[in-house]
Amino acid sequence: MSTALTIISAGAALFIPGFMLLRMLGMPRGTSLCAAGAASVAIYTILGEVYYALGVTSNPLTLLLAPSILLGVPAAYRAYRDQATDSQGITVMAAFRYAAIGLAAFWVVYFRRIPFDTLLMEYYDNVFHYNNVRALAQAGDFSILHAPRFYATPADMSIAPWPIVRGFYPFGWHYVSALVLQMTSQPMALVTNAVNLMICGAVFPLGMALLNEAIAPNDPHMRLAGSLLATAMTGFPWMLVLLWPLYPNSFGLALAPAAAGLFVMAVRDHRGARKALYALAFILAIVGVTAAHPNTIFTLFVLLFPFLGGRILAGSGIRFGRVHVSKYVFAALYCAAFACGWMLLYYSPAFSGVVSFNWGTDLSLPDGLHDVLSMGYMYHLDMDEPQWLIALLSLIGCLACLKTKSGRWTIGSFALASFIMFAELVLSSANPLKHILAGFWYTDPYRVAASTTVCVLPLATLGLSACLKRLDAAVVRKSDTHTADRRRDLLIGSACALFLAVTYLPQLSPLLQLGIQTPFGDYRMLAGLVTARKDVLDSQELAFLAKADALLPEDAVVINYPYDGSNFAYGALGTRVLYRPISGYEQAPEDESVASALIRANLPNVAHDANLREALRDLGDCYVLKLDYTYSPDENGRGFYLGETFAYDTWAGLLSVADDTPGLTLVLAEGDYRLYHIDP
């Protein structure tokens, strides 16, 4: 029951406020549902800043319930007054089909295969993410520009070993997770898995529904094809939510299709009021996208650049007074402006740390071409199983666009994104072109592949839609009027079921014996590996932490050695451990608090060092936590933890305490795990 309620809470946080806002503005129901995720994050972002300025706490009452009610009343009145608008755009039932297939796919293939309510994905990035979800939830400070990191409450700020870091960070994913944590008080693992399920299985497919509707309005075949294809490519959102995982980046990309769909509708709509409505919704979506992850903006550039170029070429040019600029000159100027803007951002100091990041992926030209054309995007761990069916549908979509002259700009999006993907895979990290093209995604092949997937899906959807139309027409031609509808439903339904079965086919022994592997079979295997791996916090350590947390007074400060996995303890359980980040402990020693410096150097002398005891009294009621740390220093005295290197000698004090250390009282012991109380 707690799992279901947590998933429902995640859905409420992601959809209700945004849906109410868009309905109040006059957006049709189906369109409002598809764009609600981006609008909800925009609401949290804007209100978070307003509440920060006013000193109001951000919580489910002020961020979710009150806005939903305040927006819902005028939305209900407008829906009653303008009932005719409800029939415009994608239907609610068509949108639900997208979400139903997406949620079912993710539950069956991935989330059902993991300990959904207990699995913490213990990776480098998630030390930051889990701790800051907890910090936002406890402090009620949702300011994207000012929220403190790791130590957010006044009490925690007073014990922070280093000065508190503030400044812009894309907290969109953290907002949603923190709201669900506040609403349910469930474990961090269950909360974040529920949020990710709704993002991957509902937010992204619904965004694709809106984009597909913008490409081919009121096309039932396009709607059906889109619902089948929205989650059919392993490049996104499957890989990003499993391998690193990259939760904020996944959330940003999940919001991108809805933003793109709103932009296309705003540009195409000839009615002033409707154009203004879609433009306003697009601006809100951009706020949400930026709050989730800024590099999504560059994915939108790649996706929409051909659309605007196509609009220019479809026109007759532009006139400035008596000077007429032909459409070809205008298109050339547009391309030049786009390139200049891209380069200005590339050389901007704000992006220097991102675009200069090196990711060692230097495939041969044939291998890189194979990965791009086959759309497998899973070269890592020998899992480069091609998705030839998607590739074939993209080719069919290309031919269909050229024939019907509808949606041709999607060919440009596909080509541009695939070229960037190819450059990312085959160019050396020393090649500046690689960083210019793929640097805004950290030159990370998985991020680039995810971005490419978002740009490929519309064209593949057009291809599947063309196939369904041909199949539909063939049934009508060969049937009389009495049997055509029944035969059409049966044949189209069977074709859709076959498509889903082939797409999500698991690894089957007969196929494996023939040397044939399937992309989602590989994904299932990888999910099993992730579940079975040895975490930095295994189940026994988590159980010990839970027991320790139950014994600790609410205001206790737990001195911990972060590289034994305990830097996850605050995010996972709310334990007030002293050392929460994964890095930064060797930087700016002059800024370290006196208490922290003394603890790290001289904790075994706690019974005799007057300065240390005074510093500990200033911290409060102090305990010492020790878990199992199996990492040994190398010849240079450095250790390695989740990708971070650190110096062992800077933690000599913490590493040296034991049961016989004077001034410590043993509170809890299991195997090598210890919880001590520092004597007053």
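The structure we're discussing is the one just above.
Note that the structure is a prediction, hence the values are computed from the model and not measured.

*Asks:* Explain the overall build of the protein to me, using residue names and the numbers behind them.
*Replies:* Check the secondary structure of the protein and you find 28 helices and eight strands. Computed over its C-alpha atoms, the radius of gyration of the protein comes to 27 Å, within 12% of the 26 Å expected for a compact globule of 680 residues. For the C-alpha atoms alone, the extent of the protein along its principal axes is close to 95 × 60 × 55 Å. Every one of the 680 residues in the protein was classed for burial, and the buried ones make up 57%. At a minimum sequence separation of 6, the contacts of the protein that also span at least 24 residues come to 73%. Only carbon and sulfur atoms are counted for the fraction: they give 64% of the accessible area of the protein, which is about 27500 Å².

*Asks:* Tell me about the pairing of strand 7 (residues 664–670), and please be specific about residues and values.
*Replies:* Bridge analysis of strand 7 against strand 8 (residues 673–678) gives six bridges, and the strand direction is antiparallel. Across the sheet, the residue bridging to leucine 664 is isoleucine 678, located in strand 8. Hairpin connection from strand 7 to strand 8: two residues lie between these consecutive antiparallel strands, with glycine 671 at a positive phi of about 60°.

*Asks:* An account of the sheet that holds strand 8 is requested, with residue identities and associated values reported.
*Replies:* Taken together, four strands build an open sheet; the order of strands is 3-4-8-7 and the sheet is mixed. In this open sheet, the two strands that pair with only one neighbour each are strand 3 (557–560) and strand 7. Between one strand and the next, the sheet's axes are offset by a mean angle of 25°, whatever the strand orientation. In the packing of helix 24 (residues 539–551) onto the sheet, the strands contacted are strand 4 (622–626), strand 7 and strand 8, and the crossing angle to strand 7 comes to about 135°.

*Asks:* Pulling in residues and values, what's your account of the packing of aromatic side chains?
*Replies:* The tally for this structure, following the rule as stated, stands at 48 aromatic pairs. When the centroid spacing of 3.7 Å and the interplanar angle of 5° are considered together, the rings of phenylalanine 106 and tryptophan 238 count as stacked. Residue phenylalanine 106 is found in helix 4 (residues 92–109), and its partner tryptophan 238 is found in helix 10 (residues 234–238); the two are separated by 132 residues along the sequence. The burial state of phenylalanine 106 is the same as that of tryptophan 238; both residues are buried. Between tyrosine 563 and tyrosine 641, the ring centres sit 5.3 Å apart and the planes meet at 70°, which makes this aromatic pair edge-to-face. Of this pair, tyrosine 563 sits in the loop between strand 3 and helix 25 (569–573) while tyrosine 641 is found in strand 5 (residues 638–641), placing the two residues 78 residues apart along the sequence. By relative accessible area, which is 0% here, tyrosine 641 ends up buried. Through a chain of ring-to-ring contacts, three or more aromatic side chains come together here, namely Phe106, Trp107, Tyr110, Phe111, Phe116, Trp238, Tyr504, Phe520 and Tyr523. A cation sits over an aromatic face here: arginine 580 above tyrosine 570, 3.8 Å from the ring centre. Arginine 600 extends its terminal NZ or CZ atom over the ring of tryptophan 651, reaching a point 4.6 Å from the ring centre.

*Asks:* Any chance you could break down the nonpolar core for me, citing the residues and the numbers?
*Replies:* Judged by nonpolar contacts, the single largest core of 221 residues is most densely connected at Tyr110, Ile559 and Ile599. If sequence neighbours within four positions are ignored, isoleucine 599 has contacts with Ile559, Leu578, Tyr579, Leu612, Leu616, Leu619, Gly653 and Leu654.

*Asks:* How would you summarise helix 14 (residues 327–346) if you had to cite specific residues and measurements?
*Replies:* The terminal C-alpha atoms of helix 14 lie 28 Å apart, and with 20 residues this matches the ideal 28 Å at 1.5 Å per residue to within 8%. Buried within helix 14 are the following residues: Ala331, Tyr334, Trp342 and Tyr346. The buried side chains of helix 14 occupy one side of the element, clustering within an arc of 110° when seen end-on. For helix 14, the exposed residues lying more than 90 degrees away from the buried face are Leu333, Ala337 and Leu344. Contact partners of the buried residues in helix 14: helix 13 (296–314), helix 15 (352–355) and helix 19 (432–438).

*Asks:* How would you explain helix 5 (residues 124–139) if you had to name every residue and give the values?
*Replies:* Its 16 residues give helix 5 an end-to-end C-alpha distance of 24 Å, which sits within 8% of 22 Å, the value for a rise of 1.5 Å per residue. Buried residues dominate helix 5, accounting for 12 of its 16 residues. Looking at the packing, one finds that the buried side of helix 5 touches helix 7 (172–184), helix 8 (188–215), helix 11 (247–268) and helix 25. Just downstream of helix 5 lies glycine 140, where phi reads positive at about 65°.

*Asks:* Please set out the pattern of salt bridges residue by residue, giving values where relevant.
*Replies:* Counted according to the given criterion, the structure contains 11 salt bridges. As a salt-bridge pair, glutamate 586 and arginine 638 come within 3.3 Å of each other at their nearest N and O atoms. Here glutamate 586 is found in the loop between helix 25 and helix 26 (594–602), whereas its partner arginine 638 is found in strand 5, with 52 residues between them in sequence. With a relative accessible area of 39%, glutamate 586 lands in the partly exposed category. Residue class for arginine 638 comes out partly exposed when judged on its relative accessible area of 27%. A salt bridge links glutamate 592 to arginine 600; the nearest nitrogen and oxygen atoms lie 3.0 Å apart. Here glutamate 592 matches arginine 600 in class, with each residue buried. Several salt bridges converge on common partners, so that one network encompasses Asp156, Arg576 and Arg580.

*Asks:* Hey, could you go over a nonpolar patch on the surface for me, with residue numbers and the actual values?
*Replies:* Taken together, the side chains of Leu389, Leu392, Leu395, Leu399, Leu402, Leu498 and Val502 present a nonpolar region at the surface, about 650 Å² in accessible area. Elements supplying a minimum of two residues to the nonpolar patch: helix 17 (388–404) and helix 21 (484–503). Among the elements that make up the nonpolar patch, the one with the highest residue count is helix 17 (five residues). Among the structural elements, valine 502 can be located in helix 21.

*Asks:* Can you break down the packing of helix 2 (residues 29–54) against helix 12 (residues 272–292) residue by residue, with the values?
*Replies:* In contact at an axis separation of 7 Å, helix 2 and helix 12 are set at 60° when each is read in the N-to-C sense. Between helix 2 and helix 12, the crossing angle belongs to the class labelled oblique. Crossing hand, helix 2 versus helix 12: left-handed. From helix 2, Thr31, Ala38, Val41, Ala42, Thr45 and Ile46 reach across to helix 12, where they touch Tyr278, Leu284, Ala285, Val287, Gly288 and Ala291. Residues belonging to the contact of helix 2 with helix 12 are distributed by class as follows: nine nonpolar, three polar and no charged.

Quick notes on the rules
Residues numbered from 1 in each chain as written. Predicted model: local features only at pLDDT ≥ 70, side-chain atom pairs only at ≥ 80, totals over all residues. Heavy atoms only, no water. Helix = DSSP H or I, 4+ residues; strand = E, 2+ residues; numbered from the N terminus. Rg over C-alpha atoms; globule rule 2.2 N^0.38 Å. Buried < 20%, exposed > 50% of the residue type's maximum accessible area, 1.4 Å probe, protein only. Contact = heavy atoms within 4.5 Å. Areas by Shrake-Rupley, 256 points an atom, 1.4 Å probe, with all protein chains shown as cover. Pairing = 2+ DSSP bridges. Axes fitted to C-alpha atoms, helices over the stretch in contact; angles between N-to-C directions. Phe/Tyr/Trp six-rings, centres within 6.5 Å; stacked < 30°, edge-to-face > 60°. Lys NZ or Arg CZ within 6 Å of the ring centre and 35° of its normal. Core = buried A, V, L, I, M, F, W, Y, C linked by side-chain atoms within 4.5 Å. Expected span 1.5 Å × (residues − 1). Arc of directions from axis to C-beta. Salt bridge = Lys/Arg side-chain N within 4 Å of Asp/Glu carboxyl O. Patch = residues over 30% accessible without salt bridge, like charges linked within 9 Å, V, L, I, M, F, W, Y side chains within 5 Å. Parallel < 35°, antiparallel > 145°, perpendicular 65-115°, else oblique. Left-handed = near helix turned anticlockwise from the far one by under 90°. Nonpolar A, V, L, I, M, F, W, Y, C, P; charged D, E, K, R; others polar.

Interpretation in functional terms is not warranted from these geometric data alone.
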